[in-house]
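Observations on the model geometry
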Amino acid sequence: MARITAGVATSHVPAIGAALDSGKAGEPYWQPVFAGYERSKQWIAEEKPDVIILVYNDHASAFSLEMIPTFAIGCADSFAPADEGWGPRPVPTVKGHSSLAWHMAEQLILDEFDMTIVNKLDVDHGLTVPLSLMFGQPDEWPCQVIPLAVNVVQYPPPTGHRCYMLGKAIRRAVESYPEDLKVVVFGTGGMSHQLQGPRAGLINTAFDQAFLDTLISDPVAQSKVPHLDYVREAGSEGIELVMWLIMRGALDDQVKQVHRFYHVPASNTAVGHLILENAGS
Ligand code: DHB
Ligand code: FE
């Protein structure tokens, strides 16, 4: 059967993708950010997942205010990098796993999570920057990816608790897929950041570090934190962090921390990153 062996959480700052794509990764500003992912690249090269379920948010690239799915699953065979205004990132096309994605859609909907099924989906920095951070700049992405998009742009986003429970349902769905597949779940976005208004530029390191601690050791407590706490403490875009709870819900209650990284600044955000393994893996 398919099984989830580990979870990865990471910020998805678009300027990180731009730095890589324009050959600036070695510059003094960016070098500490990429240094924090050296261990991660080694780890994932050894882990060799067959499929990544990549939880992210679209930033008005594939969806817009005309259509706002709360949870959408990409069931296509491939996903093109989106044009975000500066042209699509020069990264490989993302290969999907249509069969597992359709299985997940069916299982999740029958499990009372009403997913939106998406058969054509362009993927923006929310999805491609985490892949770049973990895999660098290959000619092809080394594994298949199932995009799972969450609305955290237009109020109301799903609650942290709903996200955590969706993670548990994803695990049930994956474990009922008969083929032997090694699956890693990515939760992306965050950490504290606010891109507009009088509080633009807000970063709250104490909140971010406490979030990382609690997400690892007491995810049930973290799942009960209301939206307002995220927005007040971590800024309007800090609400992206609820997506990390989907990844955490898909793992065991007790996990092994393989890697933890936190760095400020990167563009307008704090970069946070975790690799967590299921104890039994
Ligand atoms: C920035 C961060 C994001 O998560 C995003 O989606 C857009 C911009 C930033 O730091 O500038
Ligand atoms: Fe974002």
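Going by the structure above, here's the rest.
In what follows, the accompanying structure is described.

What counts and how
- Residues numbered from 1 in each chain as written.
- Chains lettered and ligands numbered in written order.
- Predicted model: local features only at pLDDT ≥ 70, side-chain atom pairs only at ≥ 80, totals over all residues.
- Heavy atoms only, no water.
- Helix = DSSP H or I, 4+ residues; strand = E, 2+ residues; numbered from the N terminus.
- Expected span 1.5 Å × (residues − 1).
- Buried < 20%, exposed > 50% of the residue type's maximum accessible area, 1.4 Å probe, protein only.
- Contact = heavy atoms within 4.5 Å.
- Pairing = 2+ DSSP bridges.
- Axes fitted to C-alpha atoms, helices over the stretch in contact; angles between N-to-C directions.
- Donors = N, O, S within 2.8 Å, 3.2 Å for Na, K, Ca; no water.

**Description of helix α4 (residues 98–110)**
Here α4 spans 18 Å end to end across 13 residues, near enough to the 18 Å set by a 1.5 Å rise per residue. Of the positions making up α4, those classed as buried are S98, L100, A101, H103, M104, A105 and L108. Buried residues along α4 sit against β2 (51–56), β3 (71–74), β6 (116–118), β7 (144–150), α6 (160–175) and β8 (182–188). Directly beyond the C-terminal end of α4, a positive phi value near 75° is found at E112.

**Overview of the sheet that holds β3**
Pairing between sheet strands relies on hydrogen bonds along the backbone, with the strands arranged either parallel or antiparallel. An order of β6-β3-β7-β2-β8-β1-β10-β9 is seen for the eight strands of this open sheet, with the pairing classed as mixed. Unpaired on one side and paired on the other, β6 and β9 (255–266) mark the two borders of the sheet. Adjacent strand axes in the sheet meet at a mean angle of 20° when their direction is disregarded. In this structure, β3 lies alongside β7, joined through three bridges in antiparallel fashion. Considered in β7, the bridge of F71 is made with V150. Each of β1 (3–10), β2, β3, β7, β8 and β10 (269–278) touches α6; the most contacted strand, β1, lies at about 145° to it.

**Some thoughts on the coordination of the iron ion (ligand 2)**
For a metal with four donors in a tetrahedral arrangement, the ideal angle between donors is 109.5 degrees, while six donors in an octahedron ideally sit at 90 or 180 degrees. For the iron ion (ligand 2), the full set of protein donor atoms is H12 (NE2), H59 (NE2) and E240 (OE), at a range of 2.1 to 2.3 Å. All donors of the iron ion (ligand 2) come from a single chain, and their spacing in sequence reads H-x46-H-x180-E. Of this pair, H12 sits in the loop between β1 and α1 (14–21) while H59 sits in the loop between β2 and β3, placing them 47 residues apart in sequence. On the basis of relative accessible area, H59 is assigned to the partly exposed category, the value being 26%.

Nothing here speaks to function; it is geometry throughout.
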